[in-house]
Amino acid sequence: TSLTSKPFEPPIHTLQQETQVHPTYFMSLALISKHSLIRATKHVTTKNPRSFQNALYIGKINFKSASTSSLQSSIQPNTNRKLFDDASDSMNIFHFSIANNHDDTIRDLDKVEHKKSTKNNSSNKKGIAEEVVADHAWRQLNHIWSDEEIKKQMATKNQKHKPVTQEDKIMKMIMQAMYHSFNTMTGYRHEDPTAKSIEWRLIILESFAGVPGFLAAAFRHFYSLRALKRDHGSIYTFLEEAENERMHLLVCLKMFKANSITRALVIAAQVTMTPFLMMTYAISPSAMHRFVGYLEETAVDTYSNIIHHCEKEGTNLHKEWSQLQAPAIAKSYWALDKDASWVTCLKHILADEAHHRDINHTFAELPPNAENPFIKEHMKDFDRAVMRKTEKVMRDSLMRY
């Protein structure tokens, strides 16, 4: 069988189109291409054509997008120089692989991809696993907290906003009245709370906490349409906040069930508080954001106390919760370790709540039509999500082939 020695060259239109894509995309493809092609050459030397064609195919389709010229035209000047070496290595390895590849193997590439596609389509009919959907890399991206960041967020548990304006004082008074009433209703006590009193407290709290963000996003969305003006990125921040709170609720529901009384209280809270929040936002958006800021302060207090008692021996929560594993959707959502505990999950929820506290207190003080100061955080979260997704795809691909 004859061998082909013609190097692969990416089409010109590919280079022109993909230079407009985010640099992280090229970084990711360069890494995938490099590792896949290294694997391909390994199988050439071991004379394993089946494994060779699969690894080569992965490297080939990614190398089209991660060629050196595309990478150089898209990369930022201060980016790690090693990425250029990755792209160059990919090119050299690819040329070597093509030079040692059999013609019949090349012709089989499309057949292999067709079989993989058919297999994936048939598996999708069974539905998508919850832990797969919980990975938010394809929708409202949540921040993935590092251990150091969580420690910093937990250290802010006593960070409280002092009311300044009359509006602030009214919102603070309303929040305090609701907080103490809620404690009485759920049977919650600060010292050594029982697991039962915490369970339905968290369900009610998270079901209500997901309302304000969505309302703020809706009001801003309709105002942008009505006024024919930009929103400067704030809509996304509040949609992400609402989705984040909803995920907190879904995670809690994986750990404990909601009885009929809890469900009734959830409905009652939503029916009574949603009109109040809507009216407040229509009159004064800053007042609602201040109210939510105070609400999140109480949430941080609650989660800090829960975590403290989970880690303190001899308490009710330590006895019932310290050995529990985090649910699968939590592990996907926050990119936790496979053996992550329920307490670790609670720490991530606390970090989220502390961040929502800061967001809402910030927006309560921003002037109308101000730019969203959290836009850059969303951009960084996107970059990190792309890299995490790429690493996962690369690992899965190398393990599969």
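Residues numbered from 1 in each chain as written. Predicted model: local features only at pLDDT ≥ 70, side-chain atom pairs only at ≥ 80, totals over all residues. Heavy atoms only, no water.

Draft legend 1. Examining empty space enclosed by the protein more closely. Here the structure, examined in full by the defined rule, presents two cavities of 30 Å³ or more. If you add up the space inside the largest cavity, you get close to 120 Å³. Around the largest cavity, the lining comprises 15 residues; the ones closest to its centre are His143, Glu240, His355, His378 and Asp381. It is helix H17 (residues 342-365) that contributes the most residues to the lining of the largest cavity, four residues altogether. Among the residues making up the lining of the largest cavity, the classes are represented as four nonpolar, seven polar and four charged. Empty space within the second largest cavity amounts to approximately 30 Å³. Every residue along the wall of the second largest cavity is listed here: Ser207, Phe208, Val266, Ala269 and Gln270. Looking at the lining of the second largest cavity, the elements with two or more residues in it are helix H11 (195-227) and helix H13 (260-283). In terms of residue count, the dominant contributor to the lining of the second largest cavity is H13 (three residues). (1 Å grid on protein atoms, 1.4 Å probe; cavity = no way out; pocket = protein on both sides within 12 Å on 5 of 7 lines; lining within 4 Å. Points joined across faces, edges and corners; volume = space filled by probe spheres on them. Helix = DSSP H or I, 4+ residues; strand = E, 2+ residues; numbered from the N terminus. Nonpolar A, V, L, I, M, F, W, Y, C, P; charged D, E, K, R; others polar.)

Draft legend 2. Summary view of the pattern of salt bridges. Evaluated as defined, the whole model comprises nine salt bridges. For glutamate 243, the salt bridge is made with arginine 246, and the minimal N-O distance between the two is 3.0 Å. Residue glutamate 243 and its partner arginine 246 are both found in helix H12 (residues 234-255); the two are separated by three residues, about one turn of the helix. For arginine 246, a relative accessible area of 38% gives the class partly exposed. Of the charged contacts in the structure, one is a salt bridge between arginine 357 and aspartate 358, with a shortest N-O distance of 3.0 Å. When its relative accessible area of 1% is taken as the criterion, arginine 357 is described as buried. (Salt bridge = Lys/Arg side-chain N within 4 Å of Asp/Glu carboxyl O. Buried < 20%, exposed > 50% of the residue type's maximum accessible area, 1.4 Å probe, protein only.)

Draft legend 3. View of a negative patch on the surface. A contiguous patch of negative charge, built from Asp147, Glu148, Asp337 and Asp339, is present on the exposed surface. Looking at where aspartate 339 falls in the secondary structure, it is placed in the loop between helix H16 (328-333) and H17. (Patch = residues over 30% accessible without salt bridge, like charges linked within 9 Å, V, L, I, M, F, W, Y side chains within 5 Å. Areas by Shrake-Rupley, 256 points an atom, 1.4 Å probe, with all protein chains shown as cover. Lys, Arg positive; Asp, Glu negative; His and termini not counted. Charge placed at Lys NZ, Arg CZ, Asp CG, Glu CD.)

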